[in-house]
Amino acid sequence: MGYQINRAVLDRIRENTDIVEVISNYITLKKSGRNFKALCPFHSEKTPSFTVTPEKGIFHCFGCGAGGDAISFVMKMENAGFPEAAALLAKKAGINLELRSGDDRGNEVRTKILQLNYKAAVFFHEYLLREKEAEPARVYLKKRNISPEMIKKFQLGFAPASFQTEKFLRNEGFNRADLENAGLRFYQRVTFPIFNLSGECVGFGARSINGSDPKYLNSAENPAFSKGNILYGLNLSRQAIREKGEVILVEGYLDLIKPFQNGFENIVASLGTAVTPNQAKLIHHFTNRVVLLFDSDVAGKAAALRNMEALNIGTILMNDLDVEIVLLPEGLDPDSLIDKHGRETMESLLQKRQRLRLPGKPYR
Ligand SMILES: [Zn+2]
């Protein structure tokens, strides 16, 4: 990887890391004497054989043999290298980590993109709140009944004309190559920053408000942003997902934010694509029950089927996702449903969900 971490720093990370806290970010742990138990995230099982021993700072699975400390857990879970996992835990513990980078260009680029995205997200958000040019965006969000609290919580913003964004980012020390790598190719649009589970801004969705096509644009795929590996909103909804024991899966940004605003906080969005096996895996870290919520037009049905198929791939991989479906009344998406018929209607539709029979998989 080209990174080296000083031995003493590693010891400090280990001392300052609570393995129970780290693992609880991903899966639900139950106390069992001096240890904690859980269903193993690394193999499929019905009774918990995954054990965490806080005193020793280690985990071990009696089912599949997986084991190690907090760093190795994060490595497995985030599919990260040793230095990246250590860096993540260092950040959580407030330890300043001087990563000496060698020849790992990809990681340097990624880090730069994340820094740039973070600055851009703040810039867009402030712009939306304060600048005159953003008035149409404010009007748009108001018309869509998005509350000021949600605008803040989801850090919604407005990307102004290209030269303004570029000027701002150049003043922040980013050069042309950085700008190109980050792929912020949207202007005069409402922005939806997309965060990963570590709270890093990996990219943006951007909606046109002046009728320009396409309606939605995302950051270009880059070393920090891969649509198929991320679920929009999961950084904010994971706690509610754990508590409710299920996740509502929608397609778009506002289809997520509107229900969230109305108390349906156990919700994620797939960024308009079919759910990938990686996304299914992400879901599985938090729950095994998925409720698909789509509009009932033909596209909605097709999307539901596509997602079902994709989820089935995930189901085969993980062998344990229950999929249920709610088809919304014609012409309505989760956003407009709540606007027109209120949260009670949404609630009762969720009650009337149907169990999906996945191909090749019997009802349980
Ligand atoms: Zn296991």
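Numbering of residues begins from 1 in every chain and follows the order in which that chain's sequence is written. With pLDDT at 70 or above as the cut-off, local features in this predicted model cover only qualifying residues; side-chain atom pairs require 80 or more to be listed or tallied, and sums for whole chains, interfaces and linings still use all residues. As a rule here, side-chain values cover all heavy atoms of the structure and leave hydrogens and water aside.

Enquirer: Would you take a moment to explain the pairing of strand E10 (residues 247-250) for this structure?
Expert: Along any regular strand the residues' side chains alternate between the sheet's two faces. Three labels apply to residues, based on accessible area from a 1.4 Å probe with only protein chains included: buried if under 20% of the type maximum, exposed if over 50%, partly exposed otherwise in between. Only DSSP runs of H or I reaching four residues or more are called helices, and only runs of E reaching two or more are called strands; each is numbered from the N terminus. The two faces of E10 match: Val247 and Leu249 on one face and Ile248 and Val250 on the other face are all buried. Here the rule is simple: two strands pair whenever DSSP picks up at least two bridges between them. Of the strand pairs in this sheet, E10 and strand E12 (residues 289-295) are connected by 3 bridges, and their pairing is parallel. Bridging from a neighbouring strand, Leu249 pairs with Leu292 of E12. When E10 meets strand E11 (residues 267-269), the two strands line up parallel, connected through 3 bridges. Across the sheet, residue Val250 finds its bridge partner in E11, namely Ala269. Consider the strands pointing away from the viewer: the crossover is right-handed when the path from the first strand over the helix to the second runs clockwise. Each parallel crossover has a hand, and for E10 linked through helix H11 (residues 253-261) to E11 it is right-handed.

Enquirer: Even after reading the chapter, I still don't get the coordination of the zinc ion, so can you show me in this structure?
Expert: For a metal with four tetrahedral donors the ideal donor-metal-donor angle is 109.5 degrees, whereas six octahedral donors ideally subtend 90 or 180 degrees. The donor set covers N, O and S atoms within 2.8 Å of the metal, switching to 3.2 Å for Na, K and Ca, and it leaves out water, so a site may look short of donors. The zinc ion binds to the protein through Cys40 (SG), His43 (ND1), Cys61 (SG) and Cys64 (SG); the donor distances cover 2.1 to 2.3 Å. Its 4 donor atoms give the zinc ion angles of 102 to 119° at the centre, a pattern that matches the tetrahedral case. Expressed as a motif, the donor residue spacing for the zinc ion is C-x2-H-x17-C-x2-C. Highlighted residues: His43 in the loop between strand E2 (35-38) and strand E3 (50-53) and Cys61 in strand E4 (residues 58-61), separated in sequence by 18 residues. In these descriptions, tetrahedral denotes four donors with every angle between 85 and 135 degrees, square planar four donors and octahedral six donors with opposite donors over 155 degrees apart and the rest between 65 and 115, and irregular any other case.

Enquirer: I keep staring at the side chain of Thr191 and nothing clicks. Help me out?
Expert: Locating Thr191 in the fold gives a position in strand E7 (residues 189-195). For Thr191, a relative accessible area of 0% corresponds to the buried category. In this analysis, two residues are considered to be in contact whenever any of their non-hydrogen atoms come within 4.5 Å of each other. Excluding its chain neighbours within four sequence positions, the residues that come into contact with Thr191 are Phe124, Gln155, Leu156, Gly157, Phe158, Ala159, Phe186, Phe204, Gly205 and Ala206.

Enquirer: I'm lost on the pattern of salt bridges in this one. Help?
Expert: Close approach of charged atoms lets side chains of opposite charge pair. A pair is scored as a salt bridge if a Lys or Arg side-chain nitrogen falls within 4 Å of a carboxyl oxygen belonging to Asp or Glu. Tallied over the entire structure, the rule returns 16 salt bridges. Arg170 is paired through a salt bridge with Glu166; the nearest N and O atoms lie 3.4 Å apart. With Arg170 and Glu166 both in helix H8 (residues 162-171) and 4 residues apart, the pair spans about one turn of that helix. Take Glu166: its relative accessible area is 24%, and that puts it in the partly exposed class. Residue Lys258 is joined to Asp339 by a salt bridge in which the shortest nitrogen-to-oxygen separation is 2.9 Å. Residue Lys258 is located in helix H11, and its partner Asp339 is located in helix H14 (residues 334-351); the two are separated by 81 residues in the primary sequence. Classification of Lys258 as buried rests on a relative accessible area of 1%. Of the residues examined, Asp339 reaches a relative accessible area of 33% and is grouped as partly exposed. Counted as one network, the salt bridges with shared partners bring together Arg144, Lys258, Asp335 and Asp339.

Enquirer: What am I meant to see in unusual backbone geometry here?
Expert: If a residue is not glycine, its phi is most likely negative; likewise, a peptide bond is most likely trans. Following Asp213, the chain continues into Pro214 via a peptide bond in cis, with omega recorded as -15°. With respect to the secondary-structure elements, Pro214 resides in the loop between strand E8 (201-208) and strand E9 (216-218). A positive phi angle, near 60°, is found at Asn145, a position not held by glycine. Structurally, Asn145 is set in the loop between helix H6 (135-143) and helix H7 (148-153). On the accessibility criterion, Asn145 (41% relative accessible area) is partly exposed. Of note in the backbone geometry, Gln188 takes a positive phi value of approximately 55° without being a glycine. Here Gln188 is to be found in the loop between helix H9 (176-182) and E7. The class for Gln188 is partly exposed, based on a relative accessible area of 31%.

Enquirer: When you look at the nonpolar core in this model, what are you seeing that I'm missing?
Expert: What tends to happen in soluble globular proteins is that the nonpolar side chains get buried as a cluster. Remark: nonpolar core denotes a set of buried residues (Ala, Val, Leu, Ile, Met, Phe, Trp, Tyr, Cys) joined through side-chain atoms within 4.5 Å. Counting residues in hydrophobic clusters, the biggest one holds 61 residues, and the most contacted among them are Leu156, Leu184, Tyr232 and Ile257. For this core, the leading source of residues is helix H5 (residues 105-130), giving 10 residues. With residues up to four places along the chain from it excluded, the contact list for Tyr232 reads Phe154, Leu156, Phe192, Pro193, Ile194, Tyr253, Leu256, Ile257, Val268, Ala269 and Leu271. The next biggest cluster of nonpolar side chains, apart from the first, holds 30 residues, and it includes Val22, Tyr26, Ile71 and Val74.

Enquirer: Got a minute to help me understand the sheet that holds E2 in this structure?
Expert: Each strand in a sheet pairs with another by means of backbone hydrogen bonds, the pair being arranged parallel or else antiparallel. Taking strand neighbours across the sheet as the criterion, the 5 strands line up as E1-E2-E3-E4-E5 in an open arrangement whose pairing is antiparallel. The sheet is open, and its two borders are formed by strand E1 (30-32) and strand E5 (67-69), each paired with just one other strand. Taken over all neighbouring pairs, the strand axes of this sheet differ in orientation by 25° on average, direction set aside. Bridge analysis of E4 against E5 gives 3 bridges, and the strand direction is antiparallel. Bridge assignment links Phe59 to a residue of E5, and that residue is Gly68. Set on the sheet, helix H3 (residues 70-78) makes contact with E3, E4 and E5; between it and E5 the angle comes to about 115°. To obtain an axis, a line is fitted to C-alpha atoms, over the contacting stretch when the element is a helix, and the angle between two such axes runs from 0 to 180 degrees between their N-to-C directions.

Enquirer: Help me understand the packing of aromatic side chains, please; the structure alone is not making it clear to me.
Expert: When we look at a pair of aromatic rings, we describe it by the centre distance and by the angle of the planes. Pairs were defined over the aromatic rings of Phe, Tyr and Trp, the Trp ring being its six-membered one, requiring ring centres within 6.5 Å. Orientation was assigned from the angle between planes: stacked under 30 degrees, edge-to-face over 60, tilted for the rest. Tallying each qualifying case throughout the model produces 20 aromatic pairs. Relative to Phe158, the ring of Tyr127 lies with its centre 6.3 Å away and its plane at 35°, an arrangement referred to as tilted. Here the residue Tyr127 occupies a position in helix H5, and Phe158 occupies one in strand E6 (residues 157-159), the gap between them amounting to 31 residues. One exposure class covers both Tyr127 and Phe158, and it is buried. Aromatic rings pair up to connect Phe123, Phe124, Tyr127, Phe158, Phe168, Phe186 and Phe204 into one cluster. Only lysine NZ and arginine CZ atoms are considered, and such an atom sits over a ring when it is within 6 Å of the ring centre and within 35 degrees of the ring normal. If you follow Lys76 out to its NZ or CZ, it ends over the ring of Phe42, 4.7 Å from the centre.

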